[in-house]
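The primary structure of each chain is shown beneath.
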Amino acid sequence: MLVSELRELIKKYKEEDLRLLISEMYKAIPKKLREDKDIDALLQDVHAYLRTRKVKRKQDRQTDVKVLKPEIDLFIDYAYKQYYFAPNSFVHKKERPKWRFKVRTYIKSLQGVSIEGADGKTATDLLEKLYEMLCYACGYYIFSTDNPFRSVGIEQTELLDIVITRKLGIGISKESVKSVIALVINGRADRETLHSSLINVLIANLKTPDSKEIAIEQSMALKAELDKSKRNLSKKSWVSGSSDYEREEKINNLVEMVFKLNVALCEYEKAIKYYNGNNVEWDNEVSLYVLLNLLLEYELKEYWLREYDKAVKKGVKPREALQRTYKYIQKNDKLPEY
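Here the structure is a predicted model, which is why all the values come from computation and not from measurement. (Residues numbered from 1 in each chain as written. Predicted model: local features only at pLDDT ≥ 70, side-chain atom pairs only at ≥ 80, totals over all residues. Heavy atoms only, no water.)

A. Layout of the overall build of the protein chain. Of the regular secondary structure elements, the protein chain holds 17 helices and zero strands. For 338 residues, the compact-globule estimate of 2.2 N^0.38 gives 20 Å, and the protein chain exceeds it by more than 25% at 29 Å. Across its three principal directions, the C-alpha atoms of the protein chain cover 95 × 55 × 35 Å. By residue count, 37% of the 338 residues in the protein chain fall in the buried class. Nonlocal contacts in the protein chain, meaning residues at least 24 apart in sequence, comprise 64% of its contacts between residues at least 6 apart. Working note: accessible area of the protein chain is about 21,500 Å², and carbon and sulfur atoms make up 53% of it. Here the protein chain holds 61 positive side-chain charges and 52 negative ones, and the gap between their average locations is 3 Å. (Helix = DSSP H or I, 4+ residues; strand = E, 2+ residues; numbered from the N terminus. Rg over C-alpha atoms; globule rule 2.2 N^0.38 Å. Buried < 20%, exposed > 50% of the residue type's maximum accessible area, 1.4 Å probe, protein only. Contact = heavy atoms within 4.5 Å. Areas by Shrake-Rupley, 256 points an atom, 1.4 Å probe, with all protein chains shown as cover. Lys, Arg positive; Asp, Glu negative; His and termini not counted. Charge placed at Lys NZ, Arg CZ, Asp CG, Glu CD.)

So, in C-alpha cells, the structure goes:
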C-alpha cells in the first residue's frame, strides 16, 4: 500500500478506532525494530522526531565523504591509467562505459556536503580533482569520448563555478585566489568552451575590489613563473614546440585575466597598457584583433577607436572585418552589436 493510499484509508476511522489501530500496530512491531527505529520517540513527539531524523540524514550524508573519498581516488587513478578506455584486467569491459554515471553521481553527492569543516574541504578537493580529470580528458583519451563534460551532462563552466565557489567560500586569501587562477589557466577547455568563458567564471566569483586586486597580483606572479620557466630547447624538437605553445597560451590567458580584472575595477588605461606590454603574439595584427575584441566586449568605444588608430599609425594593417567595424563606428557613433 502506498502512503497516499494509507492517508485516504485512515480518514474513515474515528478517534477511538485510530487509538486501537495504533496500539495493535505497535504490538505487531518486533521489539528490536521498535528500538532501531526509535518508535517510542516517534509516538512521544512526532514533529520533534521528524526534525531529528532530517538532521541525522544530513549528518549521514556528510560522513559519507569518508567512505566516498577512497572510492573516488581509486576511480580517478584508474581513469588516468586509461582503465576506462583501453582493455585491462582492473575494470571489466561492461563497466567501462559507466564512468559517466559514476562521475555524475560523485559530483551530485559531493555538492550536498557543506563547505565547512574537514569533510567540506575533502569534498571540495575531490570536486576539484574530478574537474581536473575531465579537463585532462579534453586533450587525452582516457574515456571513449572527446567531449567528457557533455558525456557527464554538465557544462565545464558550471562545474568550474561549483569548485571555485566552494574554494573561495571559506575565505579569500592569496593562496586560495592563486589556486583557482591556476585551476582556470592549467585546465584544458573542451571543444564547446573558450578559455575566456572560464576566466569570466572566476572573475564573477571575485565580488570585492580587494579580491580583484589580489587576483591581479597573483595572475602577474603566475605569469612571472611561466616567463622564468622558458627553456632554450632545440627548435627542431616537436616536444619543445608544443611546450612553448602551451606556455604562451597560458601567458596570454593570464594577460586576458589581468586585463578583465582591471576593467572590472574601471582601470581601463592599466588594462590596455598591461595587455600591450605582455601579450605574446608574433603578428601585431592578431594582437590588435584580440585587444579590439576585448574592448568591444566591454563596449569601450573611445578606447577601441584610439587603439585602432594607434596601430594603423605604427604600420599595422587591420583585417577587413576590423576595417568595416571602424567605418561603422565612425558613421553611427556607436559600436556594432556583434
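B. A look at the environment of Met257. Within the secondary structure, Met257 sits in helix 13 (residues 238–264). Those residues in contact with Met257 that lie beyond four places of it in its chain are Ile181, Val184, Ile185, Ile199, Leu202, Ile203 and Ser219.

C. Quick look at the packing of helix 6 (residues 99–111) against helix 7 (residues 117–136). It is at 9 Å that the axes of helix 6 and helix 7 come closest, and there the two elements cross at 150 degrees. In this view, helix 6 runs roughly antiparallel relative to helix 7, as classed from their interaxial angle. By crossing handedness, the relation of helix 6 to helix 7 is classed as left-handed. Judged by residue contacts, Trp99, Val103, Tyr106, Ile107, Leu110 and Gln111 of helix 6 engage Ala123, Leu126, Leu127, Leu130, Met133 and Leu134 from helix 7. Considering only residue class, the contact of helix 6 with helix 7 consists of eleven nonpolar, one polar and no charged. (Axes fitted to C-alpha atoms, helices over the stretch in contact; angles between N-to-C directions. Parallel < 35°, antiparallel > 145°, perpendicular 65-115°, else oblique. Left-handed = near helix turned anticlockwise from the far one by under 90°. Nonpolar A, V, L, I, M, F, W, Y, C, P; charged D, E, K, R; others polar.)

D. How the structure looks around helix 16 (residues 301–313). Between its terminal C-alpha atoms helix 16 stretches 19 Å, which fits the 18 Å expected from 13 residues at 1.5 Å a residue. Regarding helix 16, the residues found buried are Lys301, Trp304, Leu305, Glu307, Tyr308 and Ala311. Here the buried residues of helix 16 occupy an arc of 165 degrees about the axis, which is enough to place them on one side. Exposed residues pointing more than 90 degrees away from the buried face of helix 16 are listed as Glu302 and Lys313. (Expected span 1.5 Å × (residues − 1). Arc of directions from axis to C-beta.)

E. Representation of the confidence of the model for the protein chain in the model. Here the protein chain averages 90 in pLDDT, while 93% of its residues score no lower than 70. Low pLDDT, under 50, characterises residues 233–241; the predicted model gives this stretch two contacts beyond four residues in sequence or across chains. (pLDDT = per-residue confidence, 0-100.)

F. Region of the structure containing a nonpolar patch on the surface. A cluster of nonpolar side chains, Leu6, Leu9, Ile10 and Tyr13, forms an exposed patch at the surface whose accessible area comes to about 300 Å². Within the secondary structure, Leu9 is located in helix 1 (residues 3–10). (Patch = residues over 30% accessible without salt bridge, like charges linked within 9 Å, V, L, I, M, F, W, Y side chains within 5 Å. Salt bridge = Lys/Arg side-chain N within 4 Å of Asp/Glu carboxyl O.)

G. Expanded view of the packing of aromatic side chains. Tallying each qualifying case throughout the model produces 16 aromatic pairs. Seen in terms of ring centroids, Phe75 and Phe143 are 6.4 Å apart; in terms of plane orientation they differ by 15 degrees. Their pairing is stacked. In this pair, Phe75 is assigned in helix 5 (residues 46–80) and Phe143 in the loop between helix 7 and helix 8 (148–152), connecting sequence segments 68 residues apart. Phe75 sits in the buried class, given a relative accessible area of 3%. Three or more aromatic residues joined by ring pairs form one cluster here, namely Phe75, Tyr84, Trp99, Tyr106 and Phe143. Between Arg319 and the ring centre of Tyr289, over which it is positioned, the NZ or CZ distance is 3.8 Å. (Phe/Tyr/Trp six-rings, centres within 6.5 Å; stacked < 30°, edge-to-face > 60°. Lys NZ or Arg CZ within 6 Å of the ring centre and 35° of its normal.)

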